[in-house]
Amino acid sequence: MPSIRETHRLPYTAEQMFDLVADVDKYPEFLPWVVATRVREDSDTEMTADMLVGFKALREKFTSKVVKDRPNAINVHYIDGPLRDLDNNWTFRNCGENCCEIDFAVDFSFKSIMFETLAGQYIDRAFRKMVDAFEKRAHELYGSNSSSAQSVASERTPDRPVSANRRSSASGFS
């Protein structure tokens, strides 16, 4: 199963970053390839959401269950869509005033070996674009408390695909 893991230290609180990641409704506003999201159910601790992702003429819908432990963790479990499996885990730890460390891990596999092989060629760039979009969004929402956010560690398996979870506030679902 392909996987990507990274740790980033950012000039925001764990609460701020948790809220940004948990706000699936806003994903179409800033995440690349997210066409629409729809939250089916939402509480303080759980959410079920659909995400429509698209690139050119290709569009796919994912359904995920999101388990929330504010402000410490968000765990995303795949329910339905074009993949065989997807687990996406975020952990947030304050590391000082206006500073947090975020651990991100995603493990996934496609139903089609051919698509998994094709996607593996582009996954590193796609993942980087998504990480950059989250960091840019944090800067837009919360400003900057230091000159730059920095990656403190990274561990990737480049031959494996990536995915993200989303909420709903755009059209595209029938």
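First things first, this report covers the structure right here in the doc. Starting afresh in each chain, residues are numbered from 1 along the sequence in its written order. pLDDT decides what is reported in this predicted model: residues at 70 or higher carry local features, side-chain atom pairs at 80 or more are listed and counted, and totals for whole chains, interfaces and linings draw on all residues regardless. The basis for every side-chain value is the complete set of non-hydrogen atoms in the structure, without hydrogens or water.

The geometry of an aromatic ring pair is captured by the separation of the ring centres together with the interplanar angle, meaning the angle of the planes. Ring pairs are drawn from Phe, Tyr and Trp, using the six-membered ring of Trp, whenever the two centres fall within 6.5 Å, and their geometry is named by plane angle: stacked under 30 degrees, edge-to-face over 60, tilted for the rest. One pass over the full model with this rule turns up 10 aromatic pairs. Pairing Phe 30 with Phe 134 gives two aromatic rings, centres 5.4 Å apart and planes at 80 degrees, and the pair type is edge-to-face. Here the residue Phe 30 occupies a position in helix 2 (residues 27–30), and Phe 134 occupies one in helix 4 (residues 123–142), the gap between them amounting to 104 residues. Accessible area is worked out with a 1.4 Å probe on protein chains only. A residue is then buried under 20% of its type maximum, exposed over 50%, and partly exposed in between. Given the relative accessible area of 14%, Phe 30 is considered buried. Within the aromatic cluster, the residues linked to one another by ring pairs are Phe 18, Tyr 27, Phe 30, Trp 90, Phe 92, Phe 104, Phe 127 and Phe 134. Secondary structure elements are defined from DSSP: runs of H or I of at least 4 residues count as helices, runs of E of at least 2 residues count as strands, and each element is numbered from the N terminus.

Relative placement of two packed helices is described by the angle separating their axes and the distance separating the axes. Inter-axis angles, ranging from 0 to 180 degrees, are taken between N-to-C directions of lines fitted to C-alpha atoms, where helices are fitted over the stretch in contact. Across the interface, helix 1 (residues 14–22) lies against helix 4 with an axial gap of 11 Å and an inter-helix angle of 115 degrees. Relative to helix 4, helix 1 is oriented so that their crossing is right-handed. Side by side, helix 1 and helix 4 meet where Gln 16, Met 17, Asp 19, Leu 20 and Val 21 of the first sit next to Phe 134, Arg 137, Ala 138, Leu 141 and Tyr 142 of the second. Of the residues assigned to the contact of helix 1 with helix 4, the class counts are 7 nonpolar, 1 polar and 2 charged. The hand of a helix crossing depends on one turn: near helix anticlockwise from the far one by less than a right angle means left-handed, and clockwise means right-handed. Throughout, a residue-residue contact means that at least one pair of heavy atoms, one from each residue, lies within 4.5 Å. Amino acid classes used here: Ala, Val, Leu, Ile, Met, Phe, Trp, Tyr, Cys and Pro are nonpolar; Asp, Glu, Lys and Arg are charged; the rest, including Gly, are polar.

This brings us to helix 4. Compared with an ideal rise of 1.5 Å per residue, which puts 20 residues at 28 Å, helix 4 spans 28 Å between its outermost C-alpha atoms and is within 8% of the ideal. Along helix 4, the residues that are buried comprise Ile 123, Ala 126, Phe 127, Met 130, Val 131, Ala 133, Phe 134, Arg 137 and Ala 138. All buried residues of helix 4 fall inside an arc of 150 degrees around its axis, so they share one side. Facing away from the buried surface of helix 4 by more than 90 degrees, the exposed residues are Arg 125 and Lys 136. Helix span, expected: 1.5 Å multiplied by one less than the number of residues in the helix. By construction, the arc corresponds to the directions joining the helix axis to the C-beta atoms.

A side chain with one charge may pair with a side chain of the opposite charge, provided their charged atoms come close. One side-chain nitrogen of Lys or Arg within 4 Å of one carboxyl oxygen of Asp or Glu is enough to make a salt bridge. Scanning the model with the defined rule gives 14 salt bridges in all. We note a salt bridge from Arg 40 to Asp 50, for which the minimum N-O separation is 2.9 Å. Taken together, the positions of Arg 40 in strand 2 (residues 34–42) and Asp 50 in strand 3 (residues 46–55) put the pair 10 residues apart, joining distant regions of the chain. What makes Arg 40 partly exposed here is its relative accessible area of 47%. Residue class for Asp 50 comes out buried when judged on its relative accessible area of 0%. Arg 93 is paired through a salt bridge with Asp 103; the nearest N and O atoms lie 2.7 Å apart.

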